[in-house]
Amino acid sequence: MPALDYPAELAYLCGDFEAMEHLIETVMASANSLLEKVNVYRISIQAKTAENKLIEAIAIGTQLLQQLGVAMTESPTPADVQQLIQEISELIGDRNVEDFVHLPVMTDANKLAIIQAASSIMAAAYICGSPLFPLLTALLVKLSLRYGNTGISGYNYACYSMVVCNLLQDVNLATQFSQLALNVVLKLDAKVTKPEVLIILGAFIRHRKSHIKETLPLLSQSYAIALEVGHLQSVGH
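Definitions and cut-offs
Residues numbered from 1 in each chain as written. Predicted model: local features only at pLDDT ≥ 70, side-chain atom pairs only at ≥ 80, totals over all residues. Heavy atoms only, no water. Helix = DSSP H or I, 4+ residues; strand = E, 2+ residues; numbered from the N terminus. Rg over C-alpha atoms; globule rule 2.2 N^0.38 Å. Buried < 20%, exposed > 50% of the residue type's maximum accessible area, 1.4 Å probe, protein only. Patch = residues over 30% accessible without salt bridge, like charges linked within 9 Å, V, L, I, M, F, W, Y side chains within 5 Å. Areas by Shrake-Rupley, 256 points an atom, 1.4 Å probe, with all protein chains shown as cover. Salt bridge = Lys/Arg side-chain N within 4 Å of Asp/Glu carboxyl O. Contact = heavy atoms within 4.5 Å. Expected span 1.5 Å × (residues − 1). Polar contact = N/O pair within 3.5 Å; in protein donor to acceptor, adjacent residues only side chain to side chain.

This brings us to the overall build of the protein chain. What the protein chain contains, in helices and strands, is 13 helices and 0 strands. Secondary structure of the protein chain in N-to-C order comes out as α-α-α-α-α-α-α-α-α-α-α-α-α. For 237 residues, the compact-globule estimate of 2.2 N^0.38 gives 18 Å, and the protein chain sits close to it at 17 Å. Overall size of the protein chain, expressed as C-alpha extent along the three principal axes, is 50 × 40 × 30 Å. A buried classification covers 49% of the 237 residues belonging to the protein chain.

Shown next, in the form of structure tokens:
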């Protein structure tokens, strides 16, 4: 994170949204490229989500994605989502889902920015029931399978496990993706992403095949790590 981003992040964590907005404007004015602005866009999206301004959060994220070259539709159809799911299935082929933990680390700066931007609006999209949630989830998983893993990939794999459960009703495949999510987070030591992954595993996936006593420790661990890294959304869960 560039040094100029830290004050904006700190203001957000302290709940001083007015100061945060002023600092974000300062970063935007001094940035030399769109990629340098992505992180403060993420901070702004997190703040809007925390304020329950979900539509505004999604609007910021979708506009950023369009600037990054992602063709976005505000009202994706089930056919749009199914197309991406089919492409993911083709990318997997006859390989085991668990093996994708060994993908190389993603290095493409533009793809990394897309993943950061899209991931930042996932919570808002899910909470307000936007059809963008399954679309973005599938898009992000496709990017990771094609270009390599990043710390945020673990969160995206976990979200995809929810999509697989709800849309495909394939609990076994969903469990495989949830385990992949955890393995990626552990391998890349993605501590900032880990609380979100643990919440999804503990609250949405593991209980489908395991006793609830195996899910509660995941939620406790998520809360503790979220406090440590300042992930307020996960703390609130």
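To continue, consider the environment of C14. One can find C14 in the loop between α1 (5-13) and α2 (17-30). Counting along the chain gives 157 residues from C14 to V171, while the straight-line C-alpha distance between them is 40 Å.

The next subject is a nonpolar patch on the surface. The grouping of I212, L216 and L219 at the surface amounts to a nonpolar patch, some 260 Å² of accessible area in total. For I212, the location among the structural elements is in the loop between α11 (194-205) and α12 (216-229). On the basis of relative accessible area, I212 is assigned to the exposed category, the value being 52%.

Moving on, we come to the side chain of T150. Residue placement: T150 occurs in the loop between α8 (132-147) and α9 (153-168). When residues no more than four places from it in sequence are discounted, the contact partners of T150 are L112, I115, V184 and L188.

On to unusual backbone geometry. For Q169, which is not glycine, the phi dihedral falls at a positive 55°. Examined against the element boundaries, Q169 turns out to sit in the loop between α9 and α10 (171-187). By relative accessible area, Q169 is classed as exposed at 66%. Of note in the backbone geometry, D189 takes a positive phi value of approximately 50° without being a glycine. The topology assignment puts D189 in the loop between α10 and α11. Its relative accessible area of 63% is what places D189 among the exposed residues.

Look at α10: 24 Å from first C-alpha to last across 17 residues, which is about the 24 Å you get at 1.5 Å a residue. Listing the buried residues of α10 in full gives A174, F177, S178, L180, A181, L182, V184 and V185. In the core, the buried residues of α10 are packed alongside α5 (78-92), α8, α9 and α11. Of the residues flanking the start of α10, the one acting as N-cap is D170, its side-chain oxygen 3.4 Å from the backbone nitrogen of N172.

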